[in-house]
Amino acid sequence: MPTTIQLDVLQPVSCDGCGLCCEGNGSPVVLYASRPEWQSQHPFRPTGLPAELIREIDEHFGGLSRGQESSERCLWFDAAARLCRHYEWRPQVCRDYELGGVACLAARRACLAIQT
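Quick summary incoming for the structure in this document. (Residues numbered from 1 in each chain as written. Predicted model: local features only at pLDDT ≥ 70, side-chain atom pairs only at ≥ 80, totals over all residues. Heavy atoms only, no water.)

### Here we look at the overall build of the protein
The number of helices and strands found in the protein is three helices and two strands. The secondary structure elements of the protein, listed N-terminal to C-terminal, are α-β-β-α-α. The C-alpha atoms of the protein give a radius of gyration of 17 Å, which is well past the 13 Å a tight globule of 116 residues would have. Summarising its shape, the C-alpha atoms of the protein cover approximately 65 × 25 × 25 Å along the three principal directions. Looking at the protein as a whole, 29% of its 116 residues qualify as buried. Residue pairs in contact within the protein that sit at least 24 positions apart in sequence constitute 70% of those at least 6 positions apart. For the protein, the exposed surface amounts to about 7900 Å²; the carbon and sulfur share of it is 54%. Positive and negative charge centroids in the protein, built from 11 and 14 side chains respectively, lie 1 Å apart. (Helix = DSSP H or I, 4+ residues; strand = E, 2+ residues; numbered from the N terminus. Rg over C-alpha atoms; globule rule 2.2 N^0.38 Å. Buried < 20%, exposed > 50% of the residue type's maximum accessible area, 1.4 Å probe, protein only. Contact = heavy atoms within 4.5 Å. Areas by Shrake-Rupley, 256 points an atom, 1.4 Å probe, with all protein chains shown as cover. Lys, Arg positive; Asp, Glu negative; His and termini not counted. Charge placed at Lys NZ, Arg CZ, Asp CG, Glu CD.)

Okay, here's the thing in structure tokens:
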């Protein structure tokens, strides 16, 4: 007779090796994309964002707005390393995503359900 084991989602102590919040939620960095009406003052882009990152975003999103981008994973998410390639420049929504918060634990539960 098979034994059923209930696995609990443990309170995470670190984001290292996870990245679930970077998958399936679109790409918040699209907020940093250039727009003709924002030439002098960009309302979302952090001061000092390197030009090469702006080019990467503009080339990838080509005029899309938030919600129109692919929801597969964030442009800056490195799936192999399971971390953000430009963590220091991440958007505010990423900074506000709470380790061990409701959304974090829900993503971990959903991942666990898929794996079992």
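### Some thoughts on the pattern of salt bridges
This structure, assessed with the given rule, holds five salt bridges. Close ionic contact of Glu56 with Arg85 constitutes a salt bridge, the shortest N to O distance being 2.6 Å. A residue pair is termed long-range when its members are at least 10 positions apart, and Glu56 in helix 1 (residues 51-61) and Arg85 in the loop between strand 2 (83-84) and helix 2 (92-96) qualify at 29 residues. The exposure class of Glu56 is partly exposed, given its relative accessible area of 21%. By relative accessible area, Arg85 is classed as partly exposed at 35%. Here the residues in one salt-bridge network are Glu23, Glu72, Arg73 and Arg82, joined through shared partners. (Salt bridge = Lys/Arg side-chain N within 4 Å of Asp/Glu carboxyl O.)

### Observations regarding the layout of surface pockets
Counted as a void, the largest pocket has a volume near 620 Å³. Contributing to the lining of the largest pocket are 31 residues, with Cys15, Cys21, Cys22, Tyr87 and Cys94 lying nearest its centre. Contributing elements (two or more residues each) for the lining of the largest pocket: strand 2, helix 2 and helix 3 (102-115). Its residues assigned to classes, the lining of the largest pocket comprises 20 nonpolar, four polar and seven charged. (1 Å grid on protein atoms, 1.4 Å probe; cavity = no way out; pocket = protein on both sides within 12 Å on 5 of 7 lines; lining within 4 Å. Points joined across faces, edges and corners; volume = space filled by probe spheres on them. Nonpolar A, V, L, I, M, F, W, Y, C, P; charged D, E, K, R; others polar.)

### Observations concerning the nonpolar core
Judged by nonpolar contacts, the single largest core of 15 residues is most densely connected at Val29, Leu49, Ile57, Phe61, Leu75 and Trp76. The element best represented in this core is helix 1, accounting for four residues. Ignoring any residue separated from it by four or fewer positions in sequence, one finds Phe61 in contact with Ser27, Val29, Val30, Glu69 and Leu75. (Core = buried A, V, L, I, M, F, W, Y, C linked by side-chain atoms within 4.5 Å.)

### Examining the packing of aromatic side chains
Applying the stated rule across the entire model yields two aromatic pairs. On the basis of an interplanar angle of 55° and a centroid distance of 6.1 Å, the ring pair of Tyr32 and Trp76 is categorised as tilted. On the criterion of sequence distance, the pair formed by Tyr32 in the segment before helix 1 and Trp76 in the loop between helix 1 and strand 1 (77-78) is long-range, its members being 44 residues apart. The buried category is assigned to Tyr32, whose relative accessible area is 4%. Here the aromatic rings of Trp38 and Phe44 are separated by 5.6 Å at their centres, their planes lie at 80°, and the arrangement is edge-to-face. For Trp38, a relative accessible area of 24% corresponds to the partly exposed category. Just above the ring of Tyr87 sits the side chain of Arg90; from NZ or CZ to the centre is 3.7 Å. (Phe/Tyr/Trp six-rings, centres within 6.5 Å; stacked < 30°, edge-to-face > 60°. Lys NZ or Arg CZ within 6 Å of the ring centre and 35° of its normal.)

Function cannot be read off these values alone, since they describe shape.
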